Every structure is written in structure tokens, then in C-alpha cells.
Amino acid sequence: MVLTDLSYSALKAYQRQHRDHFPENLSLRVHRALSWLSKAEQARANKDTDTEFIYYWISFNAAYANEFGEIDRIGEKELFEAFLSKIADLDTTERLYQLIWQQFSGSIRLLMDNKFVYQPFWDYHRGRISEDEWQQRFMASKAALNVALASKNVPVAMAQIFTRLYTLRNQIIHGGATYNSQVNREQLKDACNLLNKLIPLIIALMMSAPDQLWGEGCYPVV
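Residues numbered from 1 in each chain as written. Predicted model: local features only at pLDDT ≥ 70, side-chain atom pairs only at ≥ 80, totals over all residues. Heavy atoms only, no water.

## Here we look at the packing of helix H6 (residues 95-113) against helix H9 (residues 154-173)
Helix packing geometry: the angle between the two helix axes and the distance between the axes. Across the interface, H6 lies against H9 with an axial gap of 12 Å and an inter-helix angle of 30°. Taken as a pair, H6 and H9 cross one another with a handedness that is left-handed. Seen from H6, the contacting residues are Leu 96, Tyr 97, Ile 100, Ile 108, Leu 111 and Met 112; seen from H9, they are Val 154, Ala 157, Met 158, Gln 160, Ile 161, Arg 164 and Leu 165. Looking at the contact of H6 with H9 residue by residue, the class counts come to 11 nonpolar, one polar and one charged. (Axes fitted to C-alpha atoms, helices over the stretch in contact; angles between N-to-C directions. Helix = DSSP H or I, 4+ residues; strand = E, 2+ residues; numbered from the N terminus. Left-handed = near helix turned anticlockwise from the far one by under 90°. Contact = heavy atoms within 4.5 Å. Nonpolar A, V, L, I, M, F, W, Y, C, P; charged D, E, K, R; others polar.)

Here it is, written out as C-alpha cells:
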């Protein structure tokens, strides 16, 4: 069963009620993810968009990340895309699809239309690819999302969306943006509006599937 109330307080109450039946790896992931989700909700209430985004991403990281040796071997982007595909498979009632569809005319479309969170745009400005190439890729990525939505292919849709979010994540985490800058306000707000709905649903879906193999988390408690 997946909770209908996806607030932090409801998710935490469910976790406390069922954690004794969670395997250790899932219990650790959910406990950590919820702790950062709580901080994200506090930052949202305080209208601190930069901090809100960072906390949402840490919550996501806590949910999906494995030992760093595996990250080095596979690559972080590939690792979280595999995780999102697994989450989509667990979503038998299509809540992820419904969320993406509902958000498509708002925050998702704005993110997909925003060239500043599309990595090939920056590759072009660094002289790595041509202007035509980045523009063609840009249009192709948006078309791929439209096709994925039309065919209810949630893993492909999520991969396209998180590609944008990952670029924004890199800009913030690696110091490629100024705190509270007006330059990136719109994309950060759009990202937070989406993650505010998406991260709690991901955590709820994880808790609904304690029988799944979630893998060893980063830095287990010893």
C-alpha cells in the first residue's frame, strides 16, 4: 500500500509504524531520506529555494546511492536512472505517471524548455560541440519526453526530467551558481516544485516494497 498523504509527518509516522519489518538497508535509506526531506520542507516554508533544492537532492541521494565503489564503476547518472526505473516498476497504480502528467504543463515543461539546465548548451559555449548540435539535441530531448508521456513510458520520462535536474544539481553543488542569484531563480523554483511532489512519492514507493533488494547504502552505520 502506498500512502495518499505524502507529507513528511505522514511518511515519518508510517516509517515508525513499519520500520521493524524493513530490511536494514531499506530502513537506513528511508530514515536518512526522510531526515533531509524534513529539512527541505522547512527551507520551502522559509522560501530559501537554493537550500530547499539541495536538501531535496540529498534526500534523493540517500534513497538511491550505493557504495561509492559502484558509483565509480557505473557513474552516478546511470545509477540513479536505474533506481528511477526500479521505482517506476514498483508503481503499479501509475502515481508517478499521473504526477508527471499533472506537472507537465507547469514545472516540467518549463524545465524542459530552459536551455540553462541543459548540459549540451554549456558544452556548446565551451566549444565542445556546435550550435546546431546542441539545438538538435535540445529539441530531440523534448520530443523524447513527449513520446514517453504518450506511451506512458515513465522510466524514459523520468530520465529526461532528471537529466535537467542533474545539470542544475551540478551547477549548485560544484559552485557554478551564486546563492540566491536572480539568474537561476526560475529553474530552481520549477525544480523545487517538482521535487516537492516527487521525492515523497519515491520514498513512499520504497516503503511499500520492503521485499525488494535495495543494496548496501553509502557509509552504513557501524
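## Considerations on the pattern of salt bridges
Summed over all chains, the structure comprises six salt bridges. In this structure, Asp 50 engages Arg 185 in a salt bridge whose closest nitrogen and oxygen atoms are separated by 2.8 Å. Residue Asp 50 is found in helix H3 (residues 49-64), and its partner Arg 185 is found in helix H10 (residues 185-207); the two are separated by 135 residues along the sequence. Each member of the pair Asp 50 and Arg 185 is classed as buried. One salt bridge in this structure joins Arg 137 and Glu 133, with 2.5 Å as the shortest N-O distance. Taken together, the residues Arg 137 and Glu 133, both in helix H8 (residues 131-150) and four residues apart, mark about one turn of the helix. The class for Arg 137 is partly exposed, based on a relative accessible area of 37%. The exposure class assigned to Glu 133 is partly exposed, which follows from its relative accessible area of 29%. (Salt bridge = Lys/Arg side-chain N within 4 Å of Asp/Glu carboxyl O. Buried < 20%, exposed > 50% of the residue type's maximum accessible area, 1.4 Å probe, protein only.)

Keep in mind these numbers describe shape, not what the thing actually does.
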